[in-house]
Amino acid sequence: MTYTVEELANSVQGKVVGDGSIEIAETRSLDQAAPQAISFAVGEYCEYVGQSKAGAVIVEAPLKDVRIPQIVVSNAKVAFAQILQKFHPPVVFPTGVHETAIIGKDVTIGKNVTVGPYCVIYDNAVIGDNVILHPYVYIGHNAKIGEDTVIYSGAIVHENCILGKRVVLRAKAVIGGEGFGFATENGVHTHIPQVGNVILEDDVEVGSCSCVDNATMGSTLVRRGTKIDNLVHLGHNVEIGEDCFLIAQVGIAGSTKCGNHVIFAGQTGCTGHITIGDNVTFAAKTGIIGSVPSNGTYAGFPQRPHREWLKQSVYENRLPEMAKTIKQLEKELAALKEQLAAK
Amino acid sequence: MTYTVEELANSVQGKVVGDGSIEIAETRSLDQAAPQAISFAVGEYCEYVGQSKAGAVIVEAPLKDVRIPQIVVSNAKVAFAQILQKFHPPVVFPTGVHETAIIGKDVTIGKNVTVGPYCVIYDNAVIGDNVILHPYVYIGHNAKIGEDTVIYSGAIVHENCILGKRVVLRAKAVIGGEGFGFATENGVHTHIPQVGNVILEDDVEVGSCSCVDNATMGSTLVRRGTKIDNLVHLGHNVEIGEDCFLIAQVGIAGSTKCGNHVIFAGQTGCTGHITIGDNVTFAAKTGIIGSVPSNGTYAGFPQRPHREWLKQSVYENRLPEMAKTIKQLEKELAALKEQLAAK
Amino acid sequence: MTYTVEELANSVQGKVVGDGSIEIAETRSLDQAAPQAISFAVGEYCEYVGQSKAGAVIVEAPLKDVRIPQIVVSNAKVAFAQILQKFHPPVVFPTGVHETAIIGKDVTIGKNVTVGPYCVIYDNAVIGDNVILHPYVYIGHNAKIGEDTVIYSGAIVHENCILGKRVVLRAKAVIGGEGFGFATENGVHTHIPQVGNVILEDDVEVGSCSCVDNATMGSTLVRRGTKIDNLVHLGHNVEIGEDCFLIAQVGIAGSTKCGNHVIFAGQTGCTGHITIGDNVTFAAKTGIIGSVPSNGTYAGFPQRPHREWLKQSVYENRLPEMAKTIKQLEKELAALKEQLAAK
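Residues numbered from 1 in each chain as written. Chains lettered and ligands numbered in written order. Predicted model: local features only at pLDDT ≥ 70, side-chain atom pairs only at ≥ 80, totals over all residues. Heavy atoms only, no water.

## Quick look at the environment of L30 of chain B
Residues and elements named next belong to chain B.
- Within the secondary structure, L30 sits in the loop between β4 (26-27) and β5 (37-40).
- Sequence separation of L30 and Y45 is 15 residues, and the distance between their C-alpha atoms is 8.5 Å.
- Contacts of L30, omitting those with residues within four sequence positions, involve S39, F40, A41, Y45, Y48, V49, S52 and V57. (Helix = DSSP H or I, 4+ residues; strand = E, 2+ residues; numbered from the N terminus. Contact = heavy atoms within 4.5 Å.)

Now the structure itself:
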């Protein structure tokens, strides 16, 4: 299937600069592009458009001295994403409940729902309109799945959990497993039943094999629009704000609360029972051991302002040299003392 | 369902101080409590009981000047956990083998067992009394599952593995996957078959998506009462003692042996072929690269006594300042020398 | 079943030194051996052969003063692995498609294939000869699985992914989940459809609960012979070379490219969009934040040559002492100044 540049521009509310009649058959990155492909360019990459073999390019402001047609939009990456989807329509799974799915008592299933092979949906669960459940999805008692949510193969939603609209759970994600809470008496640990649930608000994504534990009481909560990558752990009673990113292998311990627009880069760990403000970014592998106010970029373990962490890394490199200098100073000072005593 | 304070006290062998006839309908944390709710308080939290709206409170010693009835027990957290369970009886899954479960040859299934939809149990496996297998649980050839064990959806017990009594495997836990063992010849890695198994003793818990590999020969072993959180990795031939905690995302490399009552906080990593004593605590993100004797608290990478690690963290913060001081000392020393030479 | 030392030697193209007629019934490690068992010894372990109770031993050069028969081979570990397999033939799963497996349209299934209970294979997938799919394996639309590949329970191969020959996916591995790619506009993240695939070349292994994301466009690629442990994350468009090791809980961010024979030890993290050469080893918990040339061993965060990292660790231990010395120097210098001024 091909589209003209004009058609593509219209589909993303963009403006064509150049020949809108050129036919485009695929999407490619700028450096691997070909005449039948459309690419996009932002920031420093704009200067490579001239050398690219792309047939057209999406930009945020018209570029000068570029022969190929340009589609000008406010956000080139978003527009490119929309056009990608035009060229690669996802596999369509037929709606309906597969004959092998097991549906409990008093389950409510909305319109245009796909329930794949070998799904298990337990009593009183509610499945909203247009939901897609891939094979082996498990929905526990009383769980609620909002409209347009997609749950990939083998993901688990334990009992009483609530998922908003347009939520995505990737394969093997586990929502609402019992939190890691124990009472210890004479060195022996007794599990404290965790009777709360998990709430994932609208537009939340959870990656493959990520685990969001349920609350001891109340709810573990991930607010609207937050995106969680693979192999992430959220402990019981954690609260994550809106539009956050939790990159792969991040772990957040129980009862920690975090504001909006926070980024946890990969392998960052965060202790429990602390508070993190809005608009904070943590570099990869940060170890967060105390509350952090709004606004700022942190790194290191314990966490410190990123700039300080960078400086310290430099000084750590110089440590052997510093030690040598100190030794030298001691020696010279001793010599001076002697010299002075001799006078 | 409601209980009187007296009834609740009796159920946890506690003593009532105050009015035992008050009706309690739910459990809540101290700060979110309400008159129909019971809470608990230990340590510093005891001073907040006076301000709480709770209808009753569980404590470890009678508090003075508190209007609401108190239940006095030896361990308030344990008692609260028991009462939590009274108010939140877990969903009951019907006993019996679901018609979609696949049962191999010569499988032994005890009394009151629940085998959920789409479970697969292979030849010669033994399932003890009162075991609950949730949907999609896989039990390999010759595996043994002890009485009262609960295995959540999609967890895997590979062939020959042995689980004790009251073991809990959370969703997607993988027990007995083949260890990561290779022989390398001319840079090409050939997998060494790992023919051992995994033994999880009584009262062990393994969290969601955690992986305990089988042994090359012999057994990977987790002893009685040890609790493992989500996304933890144990390599082949690891041995973990009794009553340990392995918090989320911990990784222990092959053949390491660890004593009793050891705590590995989140994201800690431990090299292989070492020995760790009893009663050791590792702070989050510790990197353990050598054997550690009994008793002590460690942190950092390489691991060091926690107190030293804290001190070093402080000095790392001062590094730029130290470097400046050294420069200043050099300058002053040079000036002194000059001055002295001039005399 | 028993074999003579002669028979075992023949099966690994080895040479017998000593009595080849001795009967061997099992394999054991050197320290736990018994007269009916065969062990192996390399390097420093050779000196323990004399004290071992083993009935025979595999070595790489004939040992002197050893009473028991020796099998001399070029690689003792590889030979031992082959003999292990002789004594522990794996459970054989019957070939054929289980009656509960769901097979889509136009699926091609080779000869001697095992498709276990509750597998789901979607339209146009191709399954090569001798492939074994354990229960609950999901093969997406158009995916290709090469000959002799083994996929354990609950592993997922998403649509369009390509697996070579003799690939092993352990339980719950997820291949081709959608990469973590977003366009952010006014703080709101919109998922960019990831329309590429994953290619795992011949002899690649992926551990339990490891996740290899698909490419935004093109392919995420793991080349021949690379072995990936449990709980590892590979982001979209990552390329890993041949014969690499990625140990447990390693994370590699998107678009990073890595050469051949690279070892990432456990919990190492690697930033995106960088290049790593051939024959590089990263110690456990390394944080790689920039490109690394071929050949070398690195550690720390940011990564630095392993030797430097070790040296710095030592100096970090000395930091409090260094600070004290600096203070002392300041004091002495002040005293000297005073003394000099007084003269």
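From this point, things continue past the structure.
## Details of the relation of the copies chain B and chain A
- Of the two same-sequence chains, chain B is brought onto chain A (RMSD 0.2 Å, axial shift 0.0 Å) by a rotation of 120 degrees. Those values place the two copies in the arrangement expected of a three-fold rotation axis. Across chain B, the rotation axis passes nearest the C-alpha of C209 of chain B, at a separation of 3.7 Å. (Least-squares fit on C-alpha atoms with pLDDT ≥ 70 in both.)

## Considerations on the UniProt feature "coiled-coil region" (unreviewed entry) in chain A
- UniProt's entry tags residues 312-339 of chain A with the feature "coiled-coil region" (unreviewed entry), counted in the numbering of this structure.
- From the first C-alpha to the last, residues 312-339 of chain A spans 38 Å; its make-up is 100% helix and 0% strand. (UniProt positions renumbered as here; feature names shortened; annotations may be inferred.)

## Considerations on a nonpolar patch on the surface
- A surface patch of nonpolar side chains, amounting to about 200 Å² of accessible area, comprises V97, I103 and I109 of chain A.
- By secondary structure assignment, the location of I103 of chain A is in strand β9 (residues 102-103). (Patch = residues over 30% accessible without salt bridge, like charges linked within 9 Å, V, L, I, M, F, W, Y side chains within 5 Å. Areas by Shrake-Rupley, 256 points an atom, 1.4 Å probe, with all protein chains shown as cover. Salt bridge = Lys/Arg side-chain N within 4 Å of Asp/Glu carboxyl O.)

## Things to note about the interface of chain B and chain A
- The interface is formed by 62 residues belonging to chain B together with 64 residues belonging to chain A.
- A buried area of about 5,300 Å², summed over both sides, lies between chain B and chain A, and 70% of it is on carbon and sulfur atoms.
- In terms of surface lost to chain A, no three residues of chain B exceed Y136, K285 and L340 of chain B, which account for 12% of the buried area on that side.
- For the pair chain B and chain A, the number of links is two salt bridges.
- Linking chain B with chain A are 20 residue pairs in polar contact (both at pLDDT 80 or more), by the criterion used here.
- If you list the elements that add at least two residues to the side of chain B that touches chain A, you get α2 (76-87), β28 (227-228), β31 (245-246) and α3 (306-342) of chain B. (Buried area = accessible area lost by both parts, 1.4 Å probe. Polar contact = N/O pair within 3.5 Å; in protein donor to acceptor, adjacent residues only side chain to side chain.)

## Looking at the side chain of T149 of chain B
Residues and elements named next belong to chain B.
- With respect to the element layout, T149 can be found in the loop between β16 (144-145) and β17 (150-151).
- A distance of 2.8 Å separates the side chain of T149 from the backbone oxygen of G164, its partner in a polar contact.
- A polar contact is formed between the side chain of T149 and the backbone nitrogen of V167, at a distance of 3.0 Å.
- Ignoring anything within four residues of it in the chain, the contact list for T149 reads N130, V131, I132, L163, G164, K165, R166 and V167.

## Considerations on the interface of chain A and chain C
- Listed by partner, the interface residues are 62 residues for chain A and 64 residues for chain C.
- Of the roughly 5,300 Å² buried between chain A and chain C, counting both surfaces, carbon and sulfur atoms make up 70%.
- Linking E316 of chain A and R304 of chain C is a salt bridge whose minimum nitrogen-to-oxygen distance equals 4.0 Å.
- Viewed at the interface, chain C and chain A are joined by 20 residue pairs in polar contact (both at pLDDT 80 or more).
- For the side of chain A that touches chain C, the elements supplying multiple residues, two or more each, are α2 (76-87), β28 (227-228), β31 (245-246) and α3 (306-342) of chain A.
- In terms of residue class, the side of chain A that touches chain C is made up of 31 nonpolar, 18 polar and 13 charged. (Nonpolar A, V, L, I, M, F, W, Y, C, P; charged D, E, K, R; others polar.)

## Comments concerning the packing of aromatic side chains
- On inspection of all chains with the given rule, the structure shows 42 aromatic pairs over all chains.
- An angle of 65 degrees between the planes, with centres 5.6 Å apart, marks the rings of F180 of chain A and F245 of chain B as edge-to-face. You can see F180 of chain A sitting in the loop between β21 (174-177) and β22 (182-185) and its partner F245 of chain B sitting in strand β31, one on each of two chains.
- Ring plane angle 45 degrees and centroid distance 5.0 Å describe the contact between F301 of chain B and W309 of chain C, whose orientation is recorded as tilted. Here W309 of chain C lies in helix α3 (residues 306-342) and F301 of chain B lies in the loop between β39 (296-299) and β40 (304-305), a pairing that spans two chains.
- Using a relative accessible area of 22% as the deciding quantity, one classes F301 of chain B as partly exposed.
- Judged by relative accessible area, W309 of chain C falls into the buried class, the value being 8%.
- Of the aromatic side chains, those joined through ring pairs into one cluster are Y118 and Y136 of chain A, Y118 and Y136 of chain B together with Y118 and Y136 of chain C. (Phe/Tyr/Trp six-rings, centres within 6.5 Å; stacked < 30°, edge-to-face > 60°. Buried < 20%, exposed > 50% of the residue type's maximum accessible area, 1.4 Å probe, protein only.)

## Remarks on the environment of V59 of chain C
Residues and elements named next belong to chain C.
- Mapped onto the fold, V59 is located in strand β6 (residues 56-59).
- For V59, a relative accessible area of 0% puts it in the buried group.
- Between the C-alpha atoms of V59 and P305, which are 246 residues apart in sequence, the distance is 35 Å.
- With sequence-adjacent residues up to four places away left out, V59 is seen in contact with A41, Q70, I71, V72, V73 and A76.

## Thoughts on the sheet that holds strand β38 (residues 287-288) of chain A
- As summarised here, the arrangement of the 10 strands in space is β9-β12-β15-β18-β21-β26-β29-β32-β35-β38 (chain A), forming an open sheet in which the pairing is parallel. Where the open sheet ends on each side, the last strands, each with one partner, are β9 and β38 of chain A. (Pairing = 2+ DSSP bridges.)

## Notes on the domain arrangement of chain A
- As far as domains go, chain A holds domain 1 (3-87), domain 2 (155-302) and domain 3 (315-343).
- Using C-alpha coordinates to define each centre, domain 1 of chain A is positioned 64 Å away from domain 3 of chain A. (Domains from an automatic or database assignment.)

## Concerning the pairing of strand β24 (residues 197-200) of chain C
Residue and element names in this part refer to chain C.
- Summarising the sheet, strand β19 (residues 162-163) and β24 pair through two bridges and their orientation is parallel. Bridged to L163 within β24 is L200.
- In terms of strand pairing, β24 meets strand β27 (residues 219-222) through four bridges, oriented parallel. Each residue of the ladder has a partner; that of I199, found in β27, is L221.

## A short note on α2 of chain A
Residue and element names in this part refer to chain A.
- Between its first and last C-alpha, α2 extends 17 Å over 12 residues, near the 16 Å set by a 1.5 Å rise per residue.
- When we look at burial in α2, the residues that qualify are A76, V78, A79, F80, A81, I83, L84 and F87.
- The N-terminus of α2 is capped by N75, whose side-chain oxygen sits 3.2 Å from the backbone nitrogen of K77. (Expected span 1.5 Å × (residues − 1).)

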